[in-house]
Amino acid sequence: MSSSPDIRIPSELLPSDGRFGCGPSKVRTAQLDALVADASTYLGTSHRQATVRNKVGEVRDGLRTLFNLPDGYEVLLGNGGTTAFWDAATFHLVSEQSQHLSFGEFSSKFATCVKDAPHLKDPIIIKSDVGTHPVPEANSDVDLYALTHNETSTGVAMHIERPKGATGIVAVDATSAAGGLYVDPSQFDCYYFAPQKSFASDGGLWLALCSPAAVERIESIAASGRWTPAFFDLKIALDNSRLNQTYNTPALATIHLLASQIQWMNENGGLEFTTGRTARSAEILYSWAEASPFASPFVTNPDDRSHVVGTIDFTDEIDATKVASILRANGVVDTEPYRKLGRNQLRIAMFPAIDSEDIALLCGSINYVVGALAN
Ligand SMILES: *Cc1c(COP(=O)(O)O)cnc(C)c1O
């Protein structure tokens, strides 16, 4: 490691919780306490029996409430996280041709999965520069539009809207957005995510909120006889989800932590509560950066600046990597930028579990470190 000067941030300036990573992200203590309280009757018990299935049912019902899902929408889940869901969608959501908005590391990955699939036509890929997002274009050949609600690698968020006149289904990667950004369920057919970001749990699971049109797509591809590996078969996932089960054994602790976070969100007012918290955190972070002589928001259009993942560029005189490593030495972790973006910046998660007050304290701690480096 390069030598970082030994800078001690005064304890009164430090955030109460030092976790600002974009996933796995901060887990609230109350979630862990709830897990420990249930441990002897829940952990180490069969996922095919009522105790665990009721917990999966809590997750499915809780998401239905949180997102105010219309009748006919279903909550699916399976193992493997979002990356596995891309493969499942490649087998089992795209009929023939998809259109992808590509504006960063994550949004480009699903496009690559489809492009490499021998049973599908080459996808239409609409790109834009990092720090911006493209817009989808209705096209009668397209049967699935692949959008990304929040591009976690760049800190760009986009409003989710069906392309006008589109007949295909709308599938949204909401891995970091879901639970922290507002969405209108009438604007999507499949809104999929994993629990280690806004839902403050662990990775390895995927969840998908599916409209009747998405369910019908799953049923019709299953009926078409297309070969699909069972692990990526969304019809198997659908049938298991309806029974509050997964195809193979899930991580029980992950489901429990997730259920607690969904319950916390719903008890405090649902998406209005969570998006209020993330909006307040984002206001604090971006207005600090705009006022700072050495920092500025990377995303130039304020409407595109994510409320859950903030990317802050530093002027050339300040080495952001050094700032991140000094923060880390003081217990404030995972503010490093997305590695492949290669910018002199910090990336800061503002998921609902993260207190806005801690974002303000983080800004103060960064000011302290930069001041100490200048002396
Ligand atoms: C984190 C992330 C992923 C990858 O999720 P995994 O569960 O690790 O596969 C995909 N898309 C977005 C937008 C993400 O933020």
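Check the entry above for the structure.
These numbers come from a predicted model, not from an experiment. (Residues numbered from 1 in each chain as written. Predicted model: local features only at pLDDT ≥ 70, side-chain atom pairs only at ≥ 80, totals over all residues. Heavy atoms only, no water.)

Chemist: I keep staring at unusual backbone geometry and nothing clicks. Help me out?
Modeler: For residues that are not glycine, phi is negative in most cases, and the peptide bond is trans in most cases. Cis rather than trans, the peptide bond between Gly23 and Pro24 has omega equal to -5°. For Pro24, the position within the fold is in the segment before α1 (29–42). Of note in this structure, Asp334 is not a glycine but carries a positive phi near 65°. Looking at the secondary structure, you find Asp334 in the loop between α9 (320–329) and β12 (345–349). Since its relative accessible area comes to 34%, Asp334 is described here as partly exposed. (Helix = DSSP H or I, 4+ residues; strand = E, 2+ residues; numbered from the N terminus. Buried < 20%, exposed > 50% of the residue type's maximum accessible area, 1.4 Å probe, protein only.)

Chemist: Please explain the packing of aromatic side chains as it appears in this structure.
Modeler: Think of a pair of aromatic rings as described by two things: how far the centres are apart, and how the planes are tilted against each other in angle. All chains considered together, the criterion is met by 15 aromatic pairs. Both rings, one in Phe91 and one in Trp227, keep their centres 6.0 Å apart while their planes meet at 90°; by these two values the pair is edge-to-face. Pair noted here: Phe91 is in helix α3 (residues 81–92) and Trp227 is in the loop between α5 (212–224) and α6 (234–242), with a separation of 136 residues, a long-range link. Given a relative accessible area of 18%, Phe91 falls into the buried group. Between Trp264 and Phe273 the ring centres are 5.1 Å apart and the planes differ by 80°, which places this aromatic pair in the edge-to-face class. The same class applies to Trp264 as to Phe273, namely buried. By the ring-pair criterion, three or more aromatic residues cluster together here, those being Phe67, Tyr73, Phe188, Tyr191, Phe193 and Phe199. We note Arg28 situated over the ring of Trp264; from NZ or CZ to the ring centre the distance is 4.2 Å. (Phe/Tyr/Trp six-rings, centres within 6.5 Å; stacked < 30°, edge-to-face > 60°. Lys NZ or Arg CZ within 6 Å of the ring centre and 35° of its normal.)

Chemist: Would you mind going over the site of the ligand with me for this structure?
Modeler: Surrounding the ligand, one finds 13 residues, the nearest of these being Thr83, Thr152, Asp173, Gln196 and Lys197. In this structure, Thr82 approaches the ligand through a main-chain N or O atom, which is 3.2 Å from an oxygen atom. Side-chain polar atom of Thr83 to an oxygen atom of the ligand: 2.5 Å apart, as the coordinates give it. Its free accessible area being 390 Å², the ligand has 86% of it covered by the protein chains. In terms of residue count, the dominant contributor to the shell around the ligand is α3 (4 residues). Partitioning the shell around the ligand into residue classes produces 3 nonpolar, 8 polar and 2 charged. (Near = heavy atom within 4 Å. Polar contact = N/O pair within 3.5 Å; in protein donor to acceptor, adjacent residues only side chain to side chain. Areas by Shrake-Rupley, 256 points an atom, 1.4 Å probe, with all protein chains shown as cover. Nonpolar A, V, L, I, M, F, W, Y, C, P; charged D, E, K, R; others polar.)

Chemist: When you look at the pattern of salt bridges in this model, what are you seeing that I'm missing?
Modeler: Pairing is possible between side chains of opposite charge, provided their charged atoms come close. Per the stated rule, a full pass over the model turns up 17 salt bridges. The closest approach of N and O atoms between Glu58 and Lys55, which form a salt bridge, is 3.2 Å. Highlighted residues: Glu58 and Lys55, both in helix α2 (residues 50–66), separated by 3 residues, approximately one helical turn. The exposure class of Lys55 is buried, given its relative accessible area of 13%. Linking Arg242 and Glu219 is a salt bridge whose minimum nitrogen-to-oxygen distance equals 4.0 Å. Remark: Glu219 occurs in helix α5 and Arg242 occurs in helix α6; sequence separation between them is 23 residues. (Salt bridge = Lys/Arg side-chain N within 4 Å of Asp/Glu carboxyl O.)

Chemist: For this particular structure, what's the right way to read the sheet that holds strand β7 (residues 169–173)?
Modeler: The 7 strands are arranged β1-β9-β8-β7-β4-β2-β3 in an open sheet whose pairing can be described as mixed. Across the chains shown, the open sheet's two edge strands, defined by having one partner strand only, are β1 (74–79) and β3 (124–127). For this sheet, the mean angle separating the axes of adjacent strands, direction not counted, is 20°. Pairing of β7 with strand β8 (residues 190–193), which is carried by 3 bridges, proceeds in the parallel orientation. Bridge pairing in β8 places Asp173 opposite Tyr192. Docked against the sheet, α2 engages β1, β8 and β9 (205–210), running at close to 135° with respect to β1. (Pairing = 2+ DSSP bridges. Axes fitted to C-alpha atoms, helices over the stretch in contact; angles between N-to-C directions. Contact = heavy atoms within 4.5 Å.)

Honestly, it's all geometry; don't read function into it.
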